[in-house]
Amino acid sequence: MEKLTSEVEQFQVERLKIQVHPSREAAGAAAAKAAADAMRSVGAARKIFRVIFATGASQIETLRSLTNIPGLPWAQIDGFHMDDYVGLPLDHPASFRAYLEEKLVSKVPLRSFAYVDGLAPDPEETCKDYANKLRVADPQLCLLGIGENGHLAFNDPAEANFNDPLDVKIVHLDEPCRRQQAAEGWFKTFEEIPPTAITLTMPRLFQVPKLIISVLGPRKASVIRRTFEEPISTKCPSTILRTHEDATIFMDREAATDVTHRFSRR
């Protein structure tokens, strides 16, 4: 274990880098700084580049800090996002498109943003179209979180496939995933939550060379322990993060409470 400052811990599990910060605000600010540094680096080498953004409670502090950092090459960036519910109206509080409009797109001068259209009449065709856009785009950076069931994007354990032949697909959301959405306040009732969503697949996410992962709060403590300690499998999809070439988790102390061995393990 290495101390970055008197209040920040850094350690590594296999290839996965981890930072533990004293608060959710500090973790969000650190994730935002890492994203900003990556944007400046890629922007210096490419006139146009692409970044995948996530939604959810874990991203609020990161996006708040990131959109307030001056001098970033937003005009060079085409934005993408990871997933969205099928059939959820845009005026619903849980709409990922509305979330991104409010917390990102309306705040910075992005070159463009390609939304996942969960309201399209043919979701399968939407998946194909979005997959084609991503293949051409070759995103260089992805900001994401980890679900309480270990999902990345909406790749719940029963849907996750580390060798998925698809880049984007329709999935059925499991009960733990849907209960998390309700517990975080995005829906008034469990029954209101859509049963299906469009998501980027695990291989598509892992084609992105740099992953910045924000994980916050005590509800994530159990899945963080599982991510670090369990065998790599789709029973906890986030365990695969330990194999990525450049992935870093930024978390607060509440999310780290179940981690007992904070030292480098390769």
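Quick summary incoming for the structure in this document. For every chain, the first residue of the written sequence is number 1, and numbering continues from 1 along that sequence. The predicted origin of the model limits local features to residues at a pLDDT of at least 70 and limits the giving and counting of side-chain atom pairs to 80 or more, whereas totals for whole chains, interfaces and linings rest on all residues. Excluded from the side-chain calculation are hydrogens and water; included are all heavy atoms of the structure.

1. Describing the sheet that holds strand S6 (residues 83–85)
For step 1, the next point in the chain: In this description, strands pair whenever DSSP reports at least two bridges between them. Numbering goes from the N terminus for both helices and strands, where a helix is a DSSP run of H or I of at least four residues and a strand is a run of E of at least two. Read from one edge of the open sheet, three strands run S6-S10-S9, paired in antiparallel fashion. The two strands at the open ends of the sheet, each matched to only one other strand, are S6 and strand S9 (168–172). Looking at each pair of strands side by side, their axes are set apart by 20 degrees on average, direction ignored.
For step 2, the next point in the chain: Across three bridges, the pairing between S6 and strand S10 (residues 196–200) is antiparallel. Looking across to S10, one finds that aspartate 83 is bridged to threonine 199.
For step 3, the next point in the chain: Its contacts with the sheet place helix H4 (residues 123–137) against S9 and S10, and it is angled at close to 140 degrees to S9. Every angle, taken between N-to-C directions, lies between 0 and 180 degrees, and every axis is a line fitted to C-alpha atoms, over only the stretch in contact when it is a helix. By the convention used here, residues are in contact when the closest approach between their heavy atoms is within 4.5 Å.

2. Details of the nonpolar core
For step 1, the next point in the chain: Ile18, Ile146, Ile213, Phe228, Ile249 and Met251 are the most contacted members of the largest nonpolar core, which has 43 residues in total.
For step 2, the next point in the chain: Here this core gets five residues from one element, more than from any other, and that element is H4.
For step 3, the next point in the chain: Ignoring any residue separated from it by four or fewer positions in sequence, one finds methionine 251 in contact with Phe11, Ile18, Gln19, Val20, His21, Ala27, Val215, Leu216, Ile224, Phe228 and Ala256.
For step 4, the next point in the chain: Note on terminology: a nonpolar core comprises buried Ala, Val, Leu, Ile, Met, Phe, Trp, Tyr and Cys residues joined through side-chain atoms within 4.5 Å. Only protein chains enter the accessibility calculation, which uses a 1.4 Å probe; a residue is then buried when its area is under 20% of its type maximum, exposed when over 50%, and partly exposed in between. Formed by 41 residues, the second largest nonpolar core is a distinct cluster that contains Ala34, Leu88, Phe113 and Cys177.

3. A look at helix H7 (residues 221–229)
For step 1, the next point in the chain: The set of residues buried in H7 consists of Ala221, Val223, Ile224, Arg226, Thr227 and Phe228.
For step 2, the next point in the chain: Contacts from the buried residues of H7 go to strand S2 (9–13), strand S3 (16–21), strand S11 (211–215) and strand S12 (247–252).

4. Examining the side chain of threonine 239
For step 1, the next point in the chain: Along the polypeptide, threonine 239 turns up in the loop between H7 and S12.
For step 2, the next point in the chain: Beyond its immediate sequence surroundings of up to four residues, threonine 239 is in contact with Arg226, Thr227, Glu230, Pro231, Ile232 and Ser233.

5. Details of a negative patch on the surface
For step 1, the next point in the chain: Among the surface-exposed residues, Asp122, Glu124, Glu125 and Asp129 lie close enough to one another that they form a single negatively charged patch.
For step 2, the next point in the chain: Note on placement: aspartate 122 falls in the loop between strand S7 (112–114) and H4.
For step 3, the next point in the chain: Classification of aspartate 122 as partly exposed rests on a relative accessible area of 39%. The patches described consist of residues with a relative accessible area above 30% and no salt bridge, like charges being joined within 9 Å and nonpolar side chains (Val, Leu, Ile, Met, Phe, Trp, Tyr) within 5 Å. Per-residue accessibility takes into account occlusion by the displayed protein chains alone, with areas from the Shrake-Rupley method and a 1.4 Å probe. In the sections that follow, a salt bridge refers to a side-chain nitrogen of Lys or Arg positioned within 4 Å of a carboxyl oxygen of Asp or Glu. Neither His nor the chain termini are counted; the positive set is Lys and Arg, and the negative set is Asp and Glu. To locate a charge, the coordinates of NZ of Lys, CZ of Arg, CG of Asp or CD of Glu are taken.

6. Some remarks on the pairing of strand S4 (residues 49–53)
For step 1, the next point in the chain: Burial analysis of S4 places four of its five residues in the buried class, the great majority of the element.
For step 2, the next point in the chain: Looking at chain direction, S4 and strand S5 (residues 77–81) are connected through five bridges and run parallel. Bridging from a neighbouring strand, phenylalanine 49 pairs with isoleucine 77 of S5.
For step 3, the next point in the chain: In the classification by handedness, the crossover that spans S4, the intervening helix H2 (residues 60–66) and the parallel S5 is right-handed.
For step 4, the next point in the chain: With two bridges connecting them, S4 and strand S8 (residues 141–144) associate as parallel partners. When the sheet's bridge partners are listed, valine 51 is paired in S8 with leucine 141. Handedness is read with the strands pointing away from the viewer; a crossover is right-handed when the path from the first strand over the helix to the second is clockwise.

7. Structural notes on the environment of glutamine 207
For step 1, the next point in the chain: Inspection of the secondary structure assignment puts glutamine 207 in the loop between helix H6 (202–206) and S11.
For step 2, the next point in the chain: A C-alpha to C-alpha distance of 8.3 Å links glutamine 207 and proline 139, two positions 68 residues apart in sequence.

8. Examining helix H5 (residues 175–183)
For step 1, the next point in the chain: The set of residues buried in H5 consists of Cys177, Arg178, Gln180 and Gln181. All buried residues of H5 project into a common sector of 155 degrees when viewed along the axis, lining one side.
For step 2, the next point in the chain: Against S6 lie the buried residues of H5. Starting at the helix axis, one direction is taken to each C-beta atom, and the arc is that of these directions.

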